[in-house]
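These are the residues of each chain, in order.
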Amino acid sequence: MAYDVIIIGAGPAGASAALFTSKAGKKTLVIDNDQSVTKRAWIENHYGVEEITGPNLVEIGKKQATKFGTEFVQGKATTLTSTDAGYQITTDNGTYEGTHIILATGLSTELAEAAGIQTKPGTEPRIKTVIDADAQGQSSLKGVWAAGTIAGVSMHTIITAGDGAKVAINVISELNGARYVDHDVLKS
């Protein structure tokens, strides 16, 4: 089964990206190894939320994405290879194919480096290496995008979630062939 978008990582960047891609009608799969550093966080600086634990934030994000059809699988992505139709992701539990890949792997560049994606030194404390992505999130491998900490943005959950949304909008726009906008309005 082929997906429009496969996202590696279900932390704030990955789940936020999945929320947008699924809501836009794109068949989305998230592969997660349950290693998000957000699961160890206590958060009091997330706009619109007085305070929340990292585990609760991650679960709410996954629930929101699931509401719009995102599929989640547990596993560690081990290889990313090109195919005629896009990319194949192999995990310790199976193999999946997708047109676009969003890497939201937090601190880990292992999968990106094994696939030959260009990296560069990180600028955040404790972040040694990040994917060398352009302002839209596109990596050196066409159709493979980077979002969140792995893309070099600040580790703060509000920033990584926003970056995931930004990259998702850019992927949706590319898939649609026109700029995509998602603005909901209050119902009267």
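Quick note: structure is the one above.
Please read all numbers here as calculations on a predicted model, not as lab measurements.

Q: So what's going on with the overall build of the protein? Which residues, and what values?
A: A tally of regular secondary structure across the protein gives four helices and 11 strands. Taken against the 2.2 N^0.38 rule, which gives 16 Å for 188 residues, the C-alpha radius of gyration of the protein at 15 Å falls within 12% of a compact globule. Here the C-alpha coordinates of the protein stretch approximately 45 × 45 × 30 Å along the principal axes. A burial count over the protein gives 46% of its 188 residues as buried. When contacts within the protein are restricted to residue pairs at least 6 apart in sequence, those whose partners lie at least 24 apart make up 54%. Once the 16 positive and 20 negative side-chain charges of the protein are each reduced to a mean point, those two points are 3 Å apart.

Q: Any chance you could break down helix α2 (residues 54-67) for me, citing the residues and the numbers?
A: Each α-helix winds once per 3.6 residues, and so residues spaced three or four apart point in a common direction. For α2, built from 14 residues, the straight-helix expectation of 20 Å at 1.5 Å per residue is met to within 8% by its first-to-last C-alpha distance of 20 Å. Every buried residue of α2 is accounted for by G54, L57, V58, G61, K62 and A65. The buried residues of α2 occupy an angular sector of 130° when projected down its axis, which confines them to one face. Looking at α2, the residues exposed on the side facing more than 90 degrees away from the buried face are K63 and K67. Two to three positions downstream of the cap, the backbone nitrogen of N56 sits 3.1 Å from a side-chain oxygen, assigning the N-cap of α2 to T53. Two residues or fewer after α2 comes G69, characterised by a positive phi angle close to 110°.

Q: Which residues make up the pairing of strand β1 (residues 2-8), and what are the values?
A: Among the seven residues in β1, five count as buried, and that is most of the element. Note: β1 against strand β8 (residues 95-103), six bridges, orientation parallel. Residue I8 lies in a different strand from β8, and its bridge partner there is L103. Across four bridges, the pairing between β1 and strand β2 (residues 28-32) is parallel. Bridging from a neighbouring strand, I8 pairs with I31 of β2. Between the parallel elements β1 and β2, the chain passes through helix α1 (residues 12-23) in a crossover that is right-handed.

Q: So what's going on with the pattern of salt bridges? Which residues, and what values?
A: Under the defined criterion, the tally for this structure stands at nine salt bridges. Taken together, the salt bridges that share partners define one network made up of K23, D182 and D184.

Cut-offs used in this document
- Residues numbered from 1 in each chain as written.
- Predicted model: local features only at pLDDT ≥ 70, side-chain atom pairs only at ≥ 80, totals over all residues.
- Heavy atoms only, no water.
- Helix = DSSP H or I, 4+ residues; strand = E, 2+ residues; numbered from the N terminus.
- Rg over C-alpha atoms; globule rule 2.2 N^0.38 Å.
- Buried < 20%, exposed > 50% of the residue type's maximum accessible area, 1.4 Å probe, protein only.
- Contact = heavy atoms within 4.5 Å.
- Lys, Arg positive; Asp, Glu negative; His and termini not counted.
- Charge placed at Lys NZ, Arg CZ, Asp CG, Glu CD.
- Expected span 1.5 Å × (residues − 1).
- Arc of directions from axis to C-beta.
- Polar contact = N/O pair within 3.5 Å; in protein donor to acceptor, adjacent residues only side chain to side chain.
- Pairing = 2+ DSSP bridges.
- Right-handed = clockwise from strand over helix to strand, strands pointing away.
- Salt bridge = Lys/Arg side-chain N within 4 Å of Asp/Glu carboxyl O.

Function-wise, these values are silent; they only describe arrangement.
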